[in-house]
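Observations on chain architecture
These are the residues of each chain, in order.
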Amino acid sequence: MTNSNNTGEQGSNRVKRGLAEMLKGGVIMDVVTAEQARIAEDAGAVAVMALERVPADIRSQGGVARMSDPDLIESIIAEVSIPVMAKARIGHFVEAQVLQALNVDYIDESEVLSPADYVNHIDKWDFNVPFVCGATNLGEALRRINEGAAMIRSKGEAGTGDVSEATKHIRKIKSEIAQLSSMSKDELYVAAKELQAPYELVAEIAETGKLPVVLFTAGGVATPADAAMMMQLGADGVFVGSGIFKSGNPEKRAAAVVKATTFFDDPSVIAEVSRGLGEAMVGINVSDLAAPHRLAERGW
Amino acid sequence: MAGSGTPRIGVLALQGDFREHAIVLRGLGADVVNVRRPEELAAVDGLILPGGESSVQDKLSRTFGLAEPLKQAIASGLPVYGTCAGLIFLADRITDGIAGQQTLGGLDVVVRRNAFGSQLDSFETDLDVPVLGGEPVHAVFIRAPVVDTLGPRATALASLADGRVVAVEQGNLLGTAFHPEVTGDIRFHAYFLDKVRAHAA
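Residues numbered from 1 in each chain as written. Chains lettered and ligands numbered in written order. Predicted model: local features only at pLDDT ≥ 70, side-chain atom pairs only at ≥ 80, totals over all residues. Heavy atoms only, no water.

An unreviewed UniProt entry lists chain B under the name Pyridoxal 5'-phosphate synthase subunit PdxT, with Mycetocola miduiensis given as the organism.

Applied cut-off: UniProt positions are given in the numbering used here, feature names are shortened, and annotations may be inferred rather than shown by experiment.
In the annotation of an unreviewed UniProt entry, the entry for chain A reads Pyridoxal 5'-phosphate synthase subunit PdxS, and the organism field reads Mycetocola miduiensis. Reading the Sequence similarities (unreviewed entry) entry of the UniProt record for chain A gives the comment "Belongs to the PdxS/SNZ family." The annotation that UniProt attaches to chain A under Catalytic activity (unreviewed entry) is "aldehydo-D-ribose 5-phosphate + D-glyceraldehyde 3-phosphate + L-glutamine = pyridoxal 5'-phosphate + L-glutamate + phosphate + 3 H2O + H(+)".

This is how it looks when you write it as structure tokens:
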């Protein structure tokens, strides 16, 4: 695991976006201890998100949520050999510098933590470590890509176990991409203005019919069927936050979500893995959340 | 090839960048099928093991009864090309795998997983690949493995400047620690399809 005297270029766009390409079809799991990271790796996670509190606890305990303790992040990096991601607050470029210095594999500039800047996001081009950012719609995704994000996750509503917002956001992003694809060239200028996104990116998506980076989904996925639905809606993979370690049998549920993500289009497999998983996380209906408590509205 | 002359290539589609391989192969005129079940393996002339997380691909292949048919296919001479995680999967032995991680085997090599370190150590560079001729291959290494030990039955096709082997061939088997499927350089895939055609002929 030592670095070498290789002479190639590090931190390039292709290298940053490339890691996300390798995570496709996989499940990224939130973990708060090295033991949970071990369970996640053993269950078939493609990566883990190291944090101090899962979103459900951030939600119930309140207060300012920040980057995790470096000791915790390092203990998780030491425990597993799959990629380790960690969260920085929106706009908190120093937390991001610290995470890069800790050698995390990906930084999530995340609305689950309390924003540190209500105007600017982090200039992600400044970093060699790649970033994933949340988005609720195509314009937001493109603004993050313009700032250097190498991966997008639709936000959903973290810490609820209610998948409805994740559904809304992935559908929204997909349908906006489809609309761009059907537009004539002269309509793209106004489309860019309306999306509040750079024209070059809008034109690229109209041409290719897809984002230039990998698109995962997140926020409220709690069951194998939830994960499979996100995949059928066109996600490249899923993040599962509180849904696994807030459930009755994390080992079994984690492995089941992994299998359902691979066989997302095979109901017989999803049925099989959904048996006897024990209690799912209790959850909160998003419609019962007062607007100030909706995390997806952080970021812009 | 069922008489059509068009090779039918399976791409292991349990996890990873299998779609990118399919795009390159279709561009080269191959029929491509995703392989997630043993019966989907039966009808292919060649197989790609894509990039991704090797520990996950290993686990899923065993859980869904694919590992044994894959081993049999390799043993029977099916042409197989593995990139990154796929190279790990094809190696007879690995170091730095997760606890209990297994490989399909076939390539007479010992491959070290995550040989360069974290994502910050991922890189792209130019590699001379004499067997392909022409320009160097622009290679992307993402948390990549390397070949630590090259057994007598395997041949090195490319090495880094420091001498570590990153592309190997052994009969119908081909493995690269990097990802030609994400750079647009189609020569490794074309080279593999030549193997497939020669094997089917």
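**A word on the overall build of chain B**
Selection rule: Helix and strand labels come from DSSP, where a helix needs a run of H or I of at least four residues and a strand needs a run of E of at least two; each type is numbered from the N terminus. Only C-alpha atoms enter the radius of gyration; for comparison, a globular chain is expected to reach 2.2 Å times N to the power 0.38, where N is the number of residues. Burial classification: accessible surface area is computed with a 1.4 Å probe over protein chains only, and a residue below 20% of its type maximum counts as buried, one above 50% as exposed, and the rest as partly exposed. We call two residues in contact when some of their heavy atoms are within 4.5 Å. Per-residue accessibility takes into account occlusion by the displayed protein chains alone, with areas from the Shrake-Rupley method and a 1.4 Å probe. In this tally, Lys and Arg are treated as positive and Asp and Glu as negative; His is ignored, and so are the chain termini. Note on charges: their place is set at NZ of Lys, CZ of Arg, CG of Asp or CD of Glu.
In terms of helices and strands, chain B carries six helices and twelve strands. Here the C-alpha atoms of chain B give a radius of gyration of 15 Å, agreeing with the 17 Å that 2.2 N^0.38 yields for 201 residues. Dimensions of chain B, computed from the C-alpha atoms along their principal axes, are close to 45 × 40 × 30 Å. When the 201 residues of chain B are sorted by exposure, 64% land in the buried category. For chain B, long-range pairs separated by at least 24 residues make up 66% of all intrachain contacts whose partners lie at least 6 apart in sequence. Looking at chain B as shown, the accessible area adds up to about 6800 Å², and 50% of this sits on carbon and sulfur atoms. Distance from the positive charge centre (17 side chains) to the negative charge centre (23 side chains) of chain B: 6 Å.

**Considering the UniProt feature "active site" (unreviewed entry) in chain B**
Residue and element names in this part refer to chain B. Here is the rule we go by: Cavity: a set of points on a 1 Å grid over the protein atoms alone where a 1.4 Å probe fits but cannot get out. Pocket: an open set with protein on both sides within 12 Å along at least five of seven lines, its lining residues, like those of a cavity, having an atom within 4 Å of a point.
Under the UniProt annotation, the feature "active site" (unreviewed entry) is placed at C84, H179 and E181. The named residues occupy 98 residues along the chain; their greatest pairwise C-alpha distance, 10.8 Å, places them in one compact cluster. Residues that both appear in the annotated list above and line the second largest cavity are C84. On the secondary structure map, C84 appears in the loop between β4 (80–83) and α5 (85–90).

**A look at the layout of surface pockets**
Operational definition: Grid points are joined across faces, edges and corners, and a volume is the space filled by probe spheres set on the points.
Estimates place the volume of the largest pocket at around 900 Å³. If you go around the largest pocket, you meet 38 residues; those closest to its centre are E21, K24 and K210 of chain A together with R19 and E20 of chain B. Elements that contribute at least two residues to the lining of the largest pocket include exactly α1 (13–23), α7 (164–181), α9 (199–208), β8 (214–217) and α12 (250–262) of chain A together with α1 (18–27) of chain B. For the lining of the largest pocket, the leading source of residues is α1 of chain A, giving five residues.

**As for the packing of aromatic side chains**
Residues and elements named next belong to chain A. Counted only if it meets this: Ring geometry is summarised as follows: Phe, Tyr and Trp rings, the Trp one being its six-membered ring, pair when their centres sit within 6.5 Å, and such pairs are stacked at plane angles under 30 degrees, edge-to-face over 60 and tilted between the two.
If you walk through the whole model with that rule in mind, you get twelve aromatic pairs over all chains. Taking the centre distance of 6.1 Å and the plane angle of 25° together, the rings of Y118 and W300 count as stacked. Here the residue Y118 occupies a position in the loop between β5 (106–110) and β6 (131–135), and W300 occupies one in the segment after α13 (267–274), the gap between them amounting to 182 residues. Y118 sits in the exposed class, given a relative accessible area of 59%. Of the residues examined, W300 reaches a relative accessible area of 28% and is grouped as partly exposed. When the centroid spacing of 5.2 Å and the interplanar angle of 70° are considered together, the rings of F127 and F131 count as edge-to-face. Like F127, the residue F131 is buried in the burial classification.

**Let's talk about the environment of D31 of chain B**
All names here are of chain B. Note on placement: D31 falls in strand β2 (residues 31–35). Take D31: its relative accessible area is 41%, and that puts it in the partly exposed class. Taking the C-alpha atoms as reference points, D31 and T103, separated by 72 residues in sequence, lie 27 Å from one another.

**Some thoughts on a negative patch on the surface**
Keep this limit in mind: Residues forming no salt bridge and having over 30% relative accessible area are the ones grouped into patches, like charges within 9 Å of each other and nonpolar side chains (Val, Leu, Ile, Met, Phe, Trp, Tyr) within 5 Å. Salt bridge criterion: a side-chain nitrogen from Lys or Arg within 4 Å of a carboxyl oxygen from Asp or Glu.
Negative charge collects at one region of the surface, where E52, D69, D71 and E74 of chain A lie side by side. Turning to its location among the elements, E52 of chain A is positioned in the loop between β3 (47–50) and α3 (55–61).

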